[in-house]
Structures are given as structure tokens and as C-alpha cells.
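Summary of the model geometry
What follows is the residue order along each chain.
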Amino acid sequence: MTNFLSKRSAVLGRIITALFSLSLIFSPAVRGIAEAEAGRQILISAGGRSFSAALYDNEAAVALAAMLPMRFEMSELNGNEKYCGLSRSLPVNPARPPGIRAGDLMLYGSDCLVLFYKSFSTTYSYTPLGRIDDPAGLAEALGCGKALVSFQSALEGGTDIKIGGYGYFPIE
């Protein structure tokens, strides 16, 4: 009888935990936090591949996020970057980075979006916008010459979010 009650308590505990997790998912406050976090996550797609990227917490990145979704034919430059002009200027705060890393997303001037696919040192100044989480395969996806590249919020891409330790849940 004690073993039965122990198992029953364990099952009830799991059910309560699952119900609590579901209440968190559907709670407007938690949902708002999750959406704000996901709003800083974007998807960059090219050559049939998608790359998750995080936007930085600055005025330029916020202004870029407000323009999403976007799709550009990006031009090649120097064998290490793709660039395109934006339809409007973004706020700037340029600085000379210690180096460019593959996966960096930067603003050159106030309206030139630059996606770097190779790492190198530079003497130019940029306003940092964000960074691809794992740029492995980015150079191949962008290919040689011009590339069609899409930028969208991770929410628009149907990304799942992780809430607590309870797993991944879709945001709809």
C-alpha cells in the first residue's frame, strides 16, 4: 500500500508540474517576456540554409528589428562580406572593432547593412547590430557573387522557445 501511495504521489507531482508549465506558457506576462526575448532573435536565410542570430541591445539593432522581415540581393565585397543598402538610415554609434568575426552583422555608415562570412582585421568603423550564433556553413550558403538573403524575426520563423527546464514550446 505504501509503494502504491508513493507512486501515486510521484504521478500527481508530475501532473501538477506539467499543468504549472502550461499555465506559464499561456500566462500573458510570461508570454510577453518570451516574445521580447525572441524578438532579439532573428533568422538569416540564404542558399537554402537558415542561421539563428541575436541582435544586440542598441538603438540601431532595435531600428533594424522594426524593419523586419526584409529580403535583399546582397553584393559581394573583398571575399569576406555581403552588403546592401537599406531603405532608410538607422541610428549610428560606430566604433572600430578589434576584429571582424564570421557571422558579424554590422552597419557601415547609416544605411549599409553588412554580413561578414570570414574573420579578419579591419581599420574601418561599424555600428554593431548582432551576430549569427553558429556561422558554420555561412560562406557556402552565401556563395560567390550576389546572394539573396532574408532577415526575419525568429517569431515569424516559427521558432520554439524554451521555458524553464520544461522543454520547448511553439509560440503561435
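To be clear, the structure that these remarks concern was listed above.
Residues numbered from 1 in each chain as written. Predicted model: local features only at pLDDT ≥ 70, side-chain atom pairs only at ≥ 80, totals over all residues. Heavy atoms only, no water.

1. Focus on the pattern of salt bridges
It is possible for side chains of opposite charge to pair when their charged atoms get near one another. Put simply, the rule reads: In the sections that follow, a salt bridge refers to a side-chain nitrogen of Lys or Arg positioned within 4 Å of a carboxyl oxygen of Asp or Glu. Comment: elements are numbered from the N terminus, with helices defined as DSSP H or I runs of at least four residues and strands as E runs of at least two. Any residue under 20% of the maximum accessible area for its type is buried, any over 50% is exposed, and the rest in between are partly exposed; the area is computed with a 1.4 Å probe on protein chains only.
For the coordinates displayed, the defined rule picks out four salt bridges. In this structure, lysine 146 and glutamate 73 form a salt bridge, with 3.7 Å as the shortest nitrogen-oxygen distance. Here the residue lysine 146 occupies a position in the loop between helix H4 (138–142) and strand S8 (147–153), and glutamate 73 occupies one in strand S3 (residues 70–77), the gap between them amounting to 73 residues. Taking relative accessible area as the criterion, glutamate 73 reaches 53% and is therefore assigned exposed. Measuring nitrogen to oxygen at the nearest pair gives 3.7 Å for the salt bridge that ties aspartate 104 to arginine 101. Residue classification places aspartate 104 among the buried positions, given a relative accessible area of 4%. Shared partners join several salt bridges into a network, and the residues in it are Arg101, Asp104 and Arg131.

2. A closer look at the layout of surface pockets
The criterion, for reference: Two kinds of site are reported from a 1 Å grid over the protein atoms alone, namely cavities, where a 1.4 Å probe fits but cannot get out, and pockets, open sets with protein on both sides within 12 Å along at least five of seven lines, and residues are called lining when an atom falls within 4 Å of a point. Grid points are joined across faces, edges and corners, and a volume is the space filled by probe spheres set on the points. Three residue categories are used. Nonpolar comprises Ala, Val, Leu, Ile, Met, Phe, Trp, Tyr, Cys and Pro, charged comprises Asp, Glu, Lys and Arg, and polar comprises the others, including Gly.
Reported here for the largest pocket is a volume of approximately 180 Å³. Along the walls of the largest pocket sit Leu77, Asn78, Glu81, Tyr83, Tyr108, Cys112, Val114, Phe120, Thr122, Tyr124 and Tyr126, which together make up its complete lining. Put simply, the parts of the chain that give the lining of the largest pocket at least two residues each are strand S4 (81–85) and strand S6 (112–116). Each residue belonging to the lining of the largest pocket can be placed in one class, and the counts come to eight nonpolar, two polar and one charged.

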